[in-house]
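Results of the structural survey
What follows is each chain in one-letter form.
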Amino acid sequence: MWALTVLYGIACLYLYYMQSIQPLDYDNRYFQSDLPYHISMIVEDGWYYSFTAYAYQALYFLCGKTTVGIALFLAAVTVASLLLTEVLLRRILGSGKRSACTMAAALILNLVMPFYLKTAGSYRYVSYQSGNLWHNSTYLCMRLMALIVLLYYQKLEAGYRERITVKQWLLFALLLVVCTGVKPSFLTVFAPVLALKLLWELAHGVRFKQVFLLGAGVLPACGVVLWQNMVLFGADTGHGMTFDPWYTFSLHADRPKLAVLCSLAFPLVVLAASLPAMTKEQWRQLLARKADVQAGDGGQLRLNRWYTLAWLMALVGFAEALCLVETGSRSRDGNFLWGYLFAVFLLYVVSLAKWLSLWHIRSRLIRAAVVLAGLVLLYQLWCGSYFFLRLLSGETYFMMG
């Protein structure tokens, strides 16, 4: 598995380098990506809207005004995201040791793509919504930072009801600031869900001081959003936002609602299997205020809380992408999708963990749903591997069937 991980990193390095050296020609469809435009905006135009701009500029000049350093940086980011996916999966499952199985699962989660169905959308990527993509560098960097934030948040959440140290609060706030500075999309799906959670806990006896302290960790990142809003939507930019349901989802899909379902095929089948498998006691524990349940119940409770968090983030992200659209020249770029795409990625991680936890249930109906989910995942893995290999050949991410 380490050899496969290294091979994947080398493939990504080649892909990102080829993307970075493409001409700034909108008619070019060879190794098509946003990367050369991002580099040009920074190096030539001096337009900074993401913290990645500073890293790109430094790497560009350190490597003799070539894009080699940027490609290496993005390949490292992609491999680091894969490794952190494995850590997150083990954290959700409560497994202490890395193994070939957990590394294989992480690789699958970083390759899986939507359930391709030509009647839903003829384009393998842009007709659907996927948490895995290789053409937008700011999303790749944001995803890595978002995984770090979630891993630290899970550690902080376990003990915040009693005490939050200054160091813990500052580190949580700093991680959110960096993640938001790279791309604000994660904050737009995480902050509303965190607010709902804190309101729930406040209503169920958690001290206001502790709730306020954890919630206040988001405030510095909100300041970064205000700066980005001025850069991206300032009066001189000609850009704004409007309410236009289904516009973004309909841009490239033949049947947008079916394409949304195909994008969530594996999580939806797992959800159909997991709901009847939840006992009344597990539902009670899920809604309980305290996390310190007895041994034997804690693993399932931890998994269910991650599962709930991921679905709530996906619902918030879906609502934002469904309703909000940019105006001006970026109206067809679908930039309100990015938060939803990360939420979809997280949803696949927790759905895989939930799927693994259902195998011990003897119900024939649930077992049949679990097997079906496995077949769906296998097909979606093939879709992702096929898509990635075609990207390596230089094909556009607008590829069809």
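Residues numbered from 1 in each chain as written. Predicted model: local features only at pLDDT ≥ 70, side-chain atom pairs only at ≥ 80, totals over all residues. Heavy atoms only, no water.

Scanning the protein for helices and strands turns up 16 helices and two strands. Relative to the globule expectation of 21 Å for 401 residues, the C-alpha radius of gyration of the protein, 21 Å, shows essentially globular dimensions. A principal-axis box enclosing the C-alpha atoms of the protein has dimensions of 60 × 50 × 45 Å. The buried share of the protein, reckoned over its 401 residues, is 53%. Long-range contacts, defined here as pairs at least 24 residues apart, represent 74% of the contacts in the protein between residues at least 6 apart. (Helix = DSSP H or I, 4+ residues; strand = E, 2+ residues; numbered from the N terminus. Rg over C-alpha atoms; globule rule 2.2 N^0.38 Å. Buried < 20%, exposed > 50% of the residue type's maximum accessible area, 1.4 Å probe, protein only. Contact = heavy atoms within 4.5 Å.)

Another point: the packing of aromatic side chains. All chains considered together, the criterion is met by 31 aromatic pairs. One aromatic cluster is present, built from ring pairs that chain together Tyr8, Tyr123, Tyr125, Trp134, Phe387, Phe388, Tyr397 and Phe398. Sitting above the plane of the Phe345 ring, Arg143 keeps its charged end 4.8 Å from the centroid. Directly above the aromatic system of Tyr307 lies the positively charged group of Lys354, at a separation of 5.1 Å from the ring centroid. (Phe/Tyr/Trp six-rings, centres within 6.5 Å; stacked < 30°, edge-to-face > 60°. Lys NZ or Arg CZ within 6 Å of the ring centre and 35° of its normal.)

With that settled, the discussion passes to unusual backbone geometry. Of note in the backbone geometry, Phe31 takes a positive phi value of approximately 50 degrees without being a glycine. Tracing the backbone through its elements, the reader meets Phe31 in the loop between α1 (2-20) and α2 (35-43). For Phe31, a relative accessible area of 2% translates into the label buried. For Trp246, which is not glycine, the phi torsion reads 70 degrees and is therefore positive. When you line up the elements, Trp246 lands in the loop between β1 (240-243) and α11 (256-263).

Under the counting rule described, the total for this entry stands at seven salt bridges. The residue Glu201 makes a salt bridge to Arg161 at a minimum N-O spacing of 3.0 Å. With Glu201 in helix α8 (residues 185-203) and Arg161 in the loop between α6 (137-157) and α7 (166-182), this pair connects stretches of sequence that are 40 residues apart. Accessibility expressed as a relative area gives 5% for Glu201, which makes it buried. Classification of Arg161 as buried rests on a relative accessible area of 8%. Between Glu201 and Lys197 there is a salt bridge; the shortest N-O distance is 3.3 Å. Within this pair, Glu201 and its partner Lys197 are both found in helix α8, separated by four residues, close to a single helical turn. Bridged by salt links that share partners, the residues Glu157, Arg161, Lys197 and Glu201 form one connected network. (Salt bridge = Lys/Arg side-chain N within 4 Å of Asp/Glu carboxyl O.)

Tallying each qualifying case throughout the model produces four cavities of 30 Å³ or more. In this model, the largest cavity occupies a volume close to 70 Å³. Along its surface, the largest cavity is lined by 13 residues, and Val112, Ser130, Gly131, Val344 and Tyr348 are the ones closest to its centre. At three residues, helix α15 (residues 338-357) tops the list of elements feeding residues into the lining of the largest cavity. Along the lines of polarity and charge, the residues of the lining of the largest cavity split into seven nonpolar, six polar and no charged. One number sums up the size of the second largest cavity: a volume of about 50 Å³. Looking at the second largest cavity, the residues that line it are Gln22, Pro23, Asp25, Asn28, Phe31, Gln32, Ser33, Pro36 and Tyr37. (1 Å grid on protein atoms, 1.4 Å probe; cavity = no way out; pocket = protein on both sides within 12 Å on 5 of 7 lines; lining within 4 Å. Points joined across faces, edges and corners; volume = space filled by probe spheres on them. Nonpolar A, V, L, I, M, F, W, Y, C, P; charged D, E, K, R; others polar.)

Right, let's talk about a nonpolar patch on the surface for a bit. Where nonpolar side chains cluster on the molecular surface, the patch consists of Leu93, Leu356, Trp359, Val371 and Leu375 and spans about 420 Å² of accessible area. With respect to the element layout, Leu356 can be found in helix α15. Relative accessible area serves as the criterion here: at 40%, Leu356 is assigned to the partly exposed category. (Patch = residues over 30% accessible without salt bridge, like charges linked within 9 Å, V, L, I, M, F, W, Y side chains within 5 Å. Areas by Shrake-Rupley, 256 points an atom, 1.4 Å probe, with all protein chains shown as cover.)

Our focus in this paragraph is the environment of Val149. Of note, Val149 is situated in helix α6. As for Val149 and Asn110, which are separated by 39 residues in sequence, their C-alpha atoms are 18 Å apart.

A word on the nonpolar core. Counting 129 residues, the largest nonpolar core has Trp134, Phe186, Met313 and Phe342 as its most contacted members. Broken down by element, this core gets its largest block of residues, 15 residues, from α15. Beyond its immediate stretch of four places on either side in the chain, Trp134 contacts Tyr8, Cys12, Leu15, Tyr16, Gln19, Asn110, Leu111, Met113, Phe387, Phe388 and Leu391. (Core = buried A, V, L, I, M, F, W, Y, C linked by side-chain atoms within 4.5 Å.)

Take the confidence of the model for the protein next. Chain-level pLDDT for the protein is 91 on average; 93% of the residues reach the 70-or-more range. Within the model, the stretch residues 289-296 combines pLDDT values under 50 with twelve contacts to residues more than four positions away or in other chains. (pLDDT = per-residue confidence, 0-100.)

Moving on: the environment of Phe336. Along the chain, Phe336 turns up in the loop between β2 (324-327) and α15. The sequence separation of Phe336 and Asp34 amounts to 302 residues, and the corresponding C-alpha distance is 16 Å. If near-sequence neighbours (up to four positions away) are discounted, Phe336 is found in contact with Met241, Glu320, Ala321, Leu324, Val325 and Glu326.

This part is about helix α4 (residues 68-93). The end-to-end C-alpha separation of α4 is 38 Å, in line with the 38 Å expected for 26 residues at 1.5 Å each. Phi turns positive one or two residues past the end of α4, at Gly94, with a value near 75 degrees. (Expected span 1.5 Å × (residues − 1).)

What follows is about the side chain of Ser137. Within the secondary structure, Ser137 sits in helix α6. For Ser137, a relative accessible area of 3% corresponds to the buried category. Only 3.2 Å separates the side chain of Ser137 from the side chain of His38, close enough to count as a polar contact. Apart from residues lying up to four places away in sequence, Ser137 is in contact with Leu35, His38, Tyr56 and Leu74. (Polar contact = N/O pair within 3.5 Å; in protein donor to acceptor, adjacent residues only side chain to side chain.)

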